[in-house]
Amino acid sequence: MSEDSVPTAVLSLLDDEHARAILAAASTEPMSASQLSEACDASTATVYRRIDDLTELDLLEESINVRSDGNHHRVYRATLQRFTLELEDGEFATEVECESEDVADRFTRMWEGL
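Before going into details, it helps to say that this report is about the structure given with it.

Conventions and cut-offs
Residues numbered from 1 in each chain as written. Predicted model: local features only at pLDDT ≥ 70, side-chain atom pairs only at ≥ 80, totals over all residues. Heavy atoms only, no water. Helix = DSSP H or I, 4+ residues; strand = E, 2+ residues; numbered from the N terminus. Buried < 20%, exposed > 50% of the residue type's maximum accessible area, 1.4 Å probe, protein only. Patch = residues over 30% accessible without salt bridge, like charges linked within 9 Å, V, L, I, M, F, W, Y side chains within 5 Å. Areas by Shrake-Rupley, 256 points an atom, 1.4 Å probe, with all protein chains shown as cover. Salt bridge = Lys/Arg side-chain N within 4 Å of Asp/Glu carboxyl O. Lys, Arg positive; Asp, Glu negative; His and termini not counted. Charge placed at Lys NZ, Arg CZ, Asp CG, Glu CD.

Looking at the environment of Asp-41
Thinking step 1. Topologically, Asp-41 is positioned in the loop between α3 (33-40) and α4 (44-56).
Thinking step 2. Its relative accessible area of 70% is what places Asp-41 among the exposed residues.
Thinking step 3. Remark: the alpha-carbon pair of Asp-41 and Ile-22, spanning 19 residues in sequence, is separated by 10.0 Å.

Here it is in structure tokens:
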């Protein structure tokens, strides 16, 4: 995806109520697709489609949650912090600001989840 098309794709995706609900729910704590489905009152298929779209644009981050019983599942965390749209002198300017969890923080969170 070209750099110029990213803000347009983000704006289009944020127009979707399910995508916004997923981002809002996943901004409070990492959640599985089934938890997001329940929190957003959307079908699992709808949630997975939006997860694909959101992760493609780096607005949602996927990680593995390892449980003490040895089972694991994927969880998703919102990374979008800010999306700005400005109009100045007849030109639109957009900025997408996302946070990124570094490897050490991800490992610490995974370790604490055991």
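A closer look at a negative patch on the surface
Thinking step 1. On the surface, a cluster of negative charge is contributed by Glu-86, Glu-88, Asp-89, Glu-91 and Glu-95.
Thinking step 2. Position of Glu-91 relative to the elements: it lies in strand β4 (residues 91-98).
Thinking step 3. With a relative accessible area of 55%, Glu-91 lands in the exposed category.

Observations concerning unusual backbone geometry
Thinking step 1. The phi torsion at Asp-41 lies on the positive side, around 55 degrees, for a residue other than glycine.
Thinking step 2. Located in the positive-phi region is Asp-89, a residue other than glycine, with phi close to 55 degrees.
Thinking step 3. A relative accessible area of 74% means that Asp-89 is categorised as exposed.

Let's talk about the pattern of salt bridges
Thinking step 1. A complete count under the given rule lists four salt bridges for this structure.
Thinking step 2. As a salt-bridge pair, Arg-77 and Glu-61 come within 2.8 Å of each other at their nearest N and O atoms. Here Arg-77 is found in strand β2 (residues 72-78), whereas its partner Glu-61 is found in strand β1 (residues 60-66), with 16 residues between them in sequence.
Thinking step 3. In this structure Glu-61 comes out as buried when scored by relative accessible area, which is 12%.
Thinking step 4. For the salt bridge of Glu-99 with Arg-77, the shortest nitrogen-to-oxygen distance reads 3.1 Å. A residue pair is termed long-range when its members are at least 10 positions apart, and Glu-99 in the loop between β4 and α5 (103-112) and Arg-77 in strand β2 qualify at 22 residues.
Thinking step 5. It is possible to trace a salt-bridge network through shared partners that takes in Glu-61, Arg-77 and Glu-99.

Nothing here speaks to function; it is all geometry.
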